[in-house]
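# Observations on the model geometry
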Amino acid sequence: MSLSIKLYILIAVIILVLSIMFEATSFYVYCKKVDDFYFSQTLRAAEAATAIPTPYINYLRDNINTDEFRKVRDEALAANDETIIIKWMGAIPSYYPEDLTEKQLSEEEIVQFNSLYGDYLQMVNLCERNMELFDEADIYYQYMENGITYNLVDPNENLFNIGSVEPPIEEFAGYGDNERVLPTVYHSKWGWLCTACEPIEEYNTGEAIALACADTDMNEVMAERDEFFFESVVFILVELAIAIVISMFLMRRSVTKPLQMLAKAATDFAGGDESLTKDDVIQLPIRSNDEIGELYHEIQSMQNRIVDYTENITRITAARERVDSELRMAKDIQTSAIPKEFPAFPDRDEFELYACMEPAKIVGGDFYDFFLIDDDHLCLVIADVSDKGVPAALFMMSAKNLINYRVGEGGTPSEILKSVNDQLCKNNASMMFVTVWLGILEISSGKMICSNAAHEYPFVRGKDGTFKKLSDKHCLMLGTVKKAQYSDYEILMEPGDAVFVYTDGVPEARNEKNEFYGMERLEEALNIEASAAPKKILENVLKANEQFVGGADQSDDLTMLCIEYRK
């Protein structure tokens, strides 16, 4: 989905959410005002209906609250004939009787206007006028006695309703006799209503003798709400559509179109060949000073930096290739100086030896060497320079040549190391040093004279057929202190014995958890096949070391040498 579509959707969603919130808020406010209006009107209608002479109420209540009226009403209900009640009420004189005989009215008119029934009709007429005035669904009179509500006058009911008991309603259960009732919404058999009641008080005593009640049909209130909701929704939808169209137009003009231009120009730049120049940097008609303009200028600046960086990389790569070529040549020179053809002495069966070296960089600081001094003496050397890379390789070559030259002059290993140390200390401005283990084997007897210049302890396979570490005497490394003294020790080798020497890159190899390989694992690897030939022993150690290191980078040069004496 493109950014423009996402922005359009986002704008539409934001406007829609705001519209919904506005609609909900306005609908809530309107509903509250409508409810307040109708509730207030219901209460005012009930208050207006109290403007009735209380003697009429008392007179009607006293006459219908009798056993005689109840008997008449039961008879009328049984016959379903209201005239029975009318005749009975017509026979009772009005509370304010008038002399109507001279007016020659009919008997029916006399019953209607000069009787209790006439008083009832006047109260009905009062209710109807108030209903027209306040546009209420119903206005009527009731009275309560001992918590029971009795109906008095209701224009919307027939005469059977007079004196009937009103079914109890839960919402009005807490009110006392003829107590004021504020607008209350409830459901009953007459529908969903809002009812308010005002007490009608006796003029003289102030006693509440009845209730003037007004009902509002809540369905009408809801209909007015629904009409407002429908009209406002239509209006908001029209405004919403107009707002979305205008917003999308402005968004496309000020945001999406410039971004599309920037994206295309950036893609064209990225798809160019490696020989990018300043002419390939984007140039667009974007003049805005907002974030889009800042992005445009930043992309320009970035592409200028990329052009500069590409040119620098080209130069650096060419220089790096020259350096790599020179390092490969240095490695070839270094490896050519180290014996790597095995078997090294195919015409000699008195011993067998094998060695290997894995530098941590293209060139390293470790080295090993072996050569016959004469027919009966074999020289073995393994060493580790204090650094790695080209400086260590150069120092290594210097130390190797000095050792080889000095061995040729004769002497014990300690004398050879002392002489080489003095030579290295003369011109060692870089303060580098080298650890060396040097052994000279007398082939005819199996006696090996050794000297250790701070190098790793050798492992020896003796009569029991297992490799064990030989804690020989350590002296100072070469190249640190002038006129340092070195000592010799002797290993008497019997047929089948072997000596394994190595550099610190073997036990100090680290895995991904930064754990050392260690001397214990080295001894275990040597004894996997302790009686094997030197080549197999080195292969076992190298394999175990690689499995331990796993995916971690090689941290140091790995150099090993093993000789087995056979006589």
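How each quantity is defined
Residues numbered from 1 in each chain as written. Predicted model: local features only at pLDDT ≥ 70, side-chain atom pairs only at ≥ 80, totals over all residues. Heavy atoms only, no water. Helix = DSSP H or I, 4+ residues; strand = E, 2+ residues; numbered from the N terminus. Buried < 20%, exposed > 50% of the residue type's maximum accessible area, 1.4 Å probe, protein only. Contact = heavy atoms within 4.5 Å. Areas by Shrake-Rupley, 256 points an atom, 1.4 Å probe, with all protein chains shown as cover. Pairing = 2+ DSSP bridges. Axes fitted to C-alpha atoms, helices over the stretch in contact; angles between N-to-C directions. Arc of directions from axis to C-beta. Salt bridge = Lys/Arg side-chain N within 4 Å of Asp/Glu carboxyl O. Parallel < 35°, antiparallel > 145°, perpendicular 65-115°, else oblique. Nonpolar A, V, L, I, M, F, W, Y, C, P; charged D, E, K, R; others polar. Phe/Tyr/Trp six-rings, centres within 6.5 Å; stacked < 30°, edge-to-face > 60°. Lys NZ or Arg CZ within 6 Å of the ring centre and 35° of its normal.

### What to know about the overall build of the protein chain
A count of helical and extended segments in the protein chain gives 12 helices and 15 strands. When burial is assessed residue by residue, the protein chain has 43% of its 567 residues classed as buried. Expressed as a percentage of contacts within the protein chain between residues at least 6 apart in sequence, the contacts between residues at least 24 apart total 67%. If you sum the accessible surface of the protein chain, you get close to 30,900 Å²; carbon and sulfur atoms cover 54% of it.

### Details of the sheet that holds strand E2 (residues 148-153)
Spatial strand order, E2-E1-E5-E4-E3: 5 strands in an open sheet with antiparallel pairing. Two strands lie at the open edges of the sheet, namely E2 and strand E3 (181-188), each paired on one side alone. Strand after strand, the sheet turns through a mean of 35° between neighbouring axes, direction not considered. Strands in contact with helix H2 (residues 54-64) are strand E1 (138-145), E2, strand E4 (191-201) and strand E5 (208-217); relative to E2, the strand with the most contacts, it is inclined by about 115°. Those strands touched by helix H6 (residues 116-134) are E1 and E2, and its axis lies near 125° from that of E1.

### Points about the pairing of strand E15 (residues 558-565)
Within E15, 8 of the 8 residues are buried, which leaves it mostly tucked inside the rest of the structure. Where burial is concerned, the two faces of E15 agree: the one with Leu558, Met560, Cys562 and Glu564 and the one with Thr559, Leu561, Ile563 and Tyr565 are both buried. One ladder, built from 8 bridges, connects strand E6 (residues 351-358) with E15; its direction is antiparallel. Bridge pairing in E15 places cysteine 356 opposite methionine 560. Sheet topology places strand E14 (residues 498-502) next to E15; 5 bridges connect them, and they run antiparallel. Bridging across to E15, valine 499 finds its partner in isoleucine 563.

### Remarks on helix H11 (residues 518-526)
Those residues of H11 that fall on the buried side of the exposure criterion are Gly518, Leu522, Ala525 and Leu526. The arc that holds the buried residues of H11, viewed along the axis, is 120°, so those residues lie on one side. Exposed and oriented more than 90 degrees from the buried face of H11 are Glu520 and Glu524. Elements in contact with the buried residues of H11: strand E11 (459-461), strand E12 (467-469), E14 and helix H12 (534-549).

### Overview of the pattern of salt bridges
If you walk through the whole model with that rule in mind, you get 14 salt bridges. For the salt bridge of glutamate 350 with arginine 348, the shortest nitrogen-to-oxygen distance reads 3.1 Å. Each of the two residues, glutamate 350 as well as arginine 348, counts as buried. Residues lysine 468 and aspartate 464 are paired through a salt bridge, measuring 3.0 Å at the closest nitrogen-oxygen approach.

### Considerations on the environment of alanine 51
Following the sequence through the fold, alanine 51 ends up in the loop between helix H1 (3-49) and H2. A C-alpha to C-alpha distance of 9.0 Å links alanine 51 and leucine 126, two positions 75 residues apart in sequence.

### Describing the sheet that holds strand E10 (residues 447-453)
Taken together, the 5 strands give an open sheet; going across it, the order is E7-E8-E9-E10-E13, and neighbouring strands pair in antiparallel fashion. Looking at strand neighbours, the two that pair on one side only are strand E7 (366-374) and strand E13 (489-492), the edges of this open sheet. Direction aside, neighbouring strands of the sheet carry axes that sit 20° apart on average. In this structure, strand E8 (residues 377-385) lies alongside strand E9 (residues 434-442), joined through 9 bridges in antiparallel fashion. Residue histidine 377 lies in a different strand from E9, and its bridge partner there is glutamate 442.

### What about unusual backbone geometry?
At the junction of phenylalanine 342 and proline 343, the peptide bond is cis and its omega measures out at 0° in the coordinates. Position of proline 343 relative to the elements: it lies in the loop between helix H8 (291-336) and E6. Phi at alanine 454 is positive, roughly 60°, even though this residue is not glycine. Accessibility expressed as a relative area gives 22% for alanine 454, which makes it partly exposed. A positive phi angle, close to 65°, is found at asparagine 514, a residue other than glycine. For asparagine 514, the position within the fold is in the loop between E14 and H11.

### Quick word on the pairing of E4
It is a general feature of regular strands that their side chains alternate between the two faces of the sheet. Counting buried positions along E4 yields 8 of 11 residues, so the element is predominantly enclosed. In terms of strand pairing, E3 meets E4 through 6 bridges, oriented antiparallel. Considered in E4, the bridge of serine 188 is made with glycine 191. The turn linking E3 back onto E4 is made up of 2 residues. Pairing geometry for E4 and E5, over 9 bridges, is antiparallel. Following the sheet pairing, glutamate 201 is matched in E5 by alanine 208. In sequence, E4 turns back onto E5 through a hairpin of 6 residues, with glycine 206 there showing a positive phi of about 75°.

### Observations concerning the packing of helix H4 (residues 83-90) against H6
Running from N to C, H4 and H6 point in directions that differ by 110°, and their axes come no closer than 6 Å. The angle between H4 and H6 falls in the class roughly perpendicular. For the pair H4 and H6, contact is made by Ile86, Trp88, Met89 and Gly90 and by Leu116, Tyr117 and Tyr120, respectively. Split by residue class, the contact of H4 with H6 holds 6 nonpolar, 1 polar and no charged.

### Focus: the packing of aromatic side chains
Counted by the stated rule, this structure contains 17 aromatic pairs. Among the aromatic side chains, those forming a connected cluster through ring pairs are Phe342, Phe345, Phe351, Tyr354, Tyr368 and Phe370. Stacked on the ring of tyrosine 143, the Lys or Arg arginine 61 has its end atom at 5.4 Å from the ring centre.

### Some details on the packing of helix H3 (residues 67-79) against H4
Taken N-terminus to C-terminus, the directions of H3 and H4 make an angle of 155°; their axes are 8 Å apart at the nearest point. As summarised for this structure, H3 and H4 are arranged roughly antiparallel, according to the angle between their axes. Listed contacts from H4 to Glu68, Phe69, Val72, Arg73, Glu75, Ala76 and Ala79 of H3 are Ile84, Ile85 and Trp88. The residue makeup of the contact of H3 with H4, split by class, is 7 nonpolar, no polar and 3 charged.

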